[in-house]
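Residue-level structure breakdown
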Amino acid sequence: MREALLYEKLPDSRVRCNICQWRCTIGLDKVGVCKMYRNVDGVLYNRNYAEVSSSNLDPIEKKPLFHFHPGTFVYSLGTWGCNFHCRHCQNWQISCITPPHLERGSRRMSPQAAIEQAKLNYCKGLAWTYNEPTVWFEYTLDSAKLAKENGLYTVYVTNGYMTPEALDMIGPYLDAFSLDVKGFSDRFYKDLSRVAKWRGILEVAERAKEKWGIHVEVVTNIIPGMNDDDEQLEGIATWIRDRLGDTTPWHVTRANPTHQMRDFPATPVATLERAYEIGKRVGLQFVYLGNVPGARHENTVCYNCGNVVITRIGFDTEIVGLDGGKCSSCGADLNIRLGGNGGD
C-alpha cells in the first residue's frame, strides 16, 4: 500500500479522499467508492499501487487517439477497480471487483519496470488504460514523472472524474487525454454509471487543455435507446466545439452488449453515421467512427483543402500528407501532435 497524496484528516479518524469528484468521506477501516483507497488508522492508503491487472503493446489509435503521435505504439497498463459502476462496462472483469486479487492474475510492476518495458518494446509512450487511471493515481504520477525523464509521452484513458487538484498534480507530466463523455444528461449518467454530478468532467477536460496544454480527444460509446438521441449528441458536439475547439477529434463508437446490459443490439452503423453528421453540422472538423471495422470516416482529411493526410484501415496507420502537425498541401493546422516527448 502507498499513502494517498490527496486527502484530508477529519474528526473520529475519518478521512476525505480528494482524488476523484466523489470526494468520499471514509470511516476507519472502510474504503471509498472505487474500493482502492482505504482508511487505516486515520491514514488514507492506496491499495493497488503497482498492482497490474493488464498490460499490452497497443497502437495509439486503439486508445483511441488519432491526432496524437499517429502510427506509434504505447505501452498500456491497467489495474483493478473503478470509481464508476457502468452497467455496460467493457472491462468489467478488472473494473467491477474488490481487489487487489493476486490469485486473479495481478502482478507487481514498479514505475521503473514499466519504463523499461516500454523502451524494451520500442514503445513511444505509456498509457494508463483498461480501467480508470485515477484509482491508482500515485502510481500513475510516479510513472509519468519517470516517463518524461526518459523521453516517453504519457496518456490517460479516463472518464474524467478526477478532481482539479489531482489534475493539477499530474498535469505537468501528462500529454494526452482520451476522454470518455458518455452522454449529456443527468438521467443518462445516473442510469448508466450511478453518477449524478457529471458536469465536473467537462470542467476538468477544459482545464486540462487550457491550463496544462494536454491534448484531448473525446469518445462517446453510443448505446441504442439511451444516449443516441439528437439532443444529447448535439450537446456533446457543441460542447466540444465551444470549449475544446472545433479541431478536437470526436470518436463515436459502437456499443456491444456486455456485463449487466446484454439485452440490446449492437449500435447500428446508421446511428453512428447520424452522430457523424450531427458533429459535422455543429462544426466539428474531425469525427471518427469506432468499433466498426472497415467503416467510413477512419481517415484524417484536411478540413480546408480535402487532402487525405492520414490513412487508416483498422489500426494500420500511414501518414501520407502531413508537414509537422499541418496539412502538407495547404498548411492548415490540423491539431495533430507529432515529435518527441509529447511535444507538437
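Now for a description of the structure that goes with this document. Just so we're clear, the structure is a prediction, and the values are computed from it rather than from any experiment.

**A short note on the overall build of the chain**
- Looking only at helices and strands, the chain features eight helices and 21 strands.
- Here the C-alpha atoms of the chain give a radius of gyration of 20 Å, agreeing with the 20 Å that 2.2 N^0.38 yields for 344 residues.
- With respect to the three principal axes, the spread of C-alpha positions in the chain is 65 × 45 × 35 Å.
- Here the chain holds 344 residues, and the buried ones make up 56% of them.
- Across the chain, every contact between residues at least 6 apart in sequence was considered, and the portion connecting residues at least 24 apart equals 65%.
- Here the chain has roughly 14,100 Å² of accessible surface; of this, 47% comes from carbon and sulfur atoms.
- Seen as two clouds, the 39 positive and the 40 negative side-chain charges of the chain have centres 4 Å apart.

**Quick notes on the sheet that holds strand β14 (residues 215-222)**
- Pairing is mixed across the open sheet formed by eight strands, whose spatial order is β8-β9-β11-β12-β13-β14-β15-β16. Strands at the two margins of the open sheet, each flanked by one partner only, are β8 (54-59) and β16 (287-290). When the angles between neighbouring strand axes are averaged without regard to direction, this sheet yields 20°.
- Helix α6 (residues 200-212) rests against β13 (176-180) and β14 of the sheet, and its axis sits at about 165° to β13.

**Some thoughts on the pairing of β14**
- β14 sits mainly inside the fold: eight of its eight residues count as buried.
- Strand direction decides the pairing type here: β13 and β14, joined by five bridges, are parallel. Within the sheet, the bridge partner assigned to Ser178 lies in β14 and is Glu217.
- The handedness of the β14 to strand β15 (residues 250-254) crossover, carried by helix α7 (residues 230-244), is right-handed.

**Comments concerning the sheet that holds strand β4 (residues 25-26)**
- Ordered by their spatial adjacency, three strands build an open sheet running β2-β3-β4, and the pairing between neighbours is antiparallel. Two strands bound the open sheet, and with one partner strand each, they are β2 (7-9) and β4.

Procedures and definitions
Residues numbered from 1 in each chain as written. Predicted model: local features only at pLDDT ≥ 70, side-chain atom pairs only at ≥ 80, totals over all residues. Heavy atoms only, no water. Helix = DSSP H or I, 4+ residues; strand = E, 2+ residues; numbered from the N terminus. Rg over C-alpha atoms; globule rule 2.2 N^0.38 Å. Buried < 20%, exposed > 50% of the residue type's maximum accessible area, 1.4 Å probe, protein only. Contact = heavy atoms within 4.5 Å. Areas by Shrake-Rupley, 256 points an atom, 1.4 Å probe, with all protein chains shown as cover. Lys, Arg positive; Asp, Glu negative; His and termini not counted. Charge placed at Lys NZ, Arg CZ, Asp CG, Glu CD. Pairing = 2+ DSSP bridges. Axes fitted to C-alpha atoms, helices over the stretch in contact; angles between N-to-C directions. Right-handed = clockwise from strand over helix to strand, strands pointing away.

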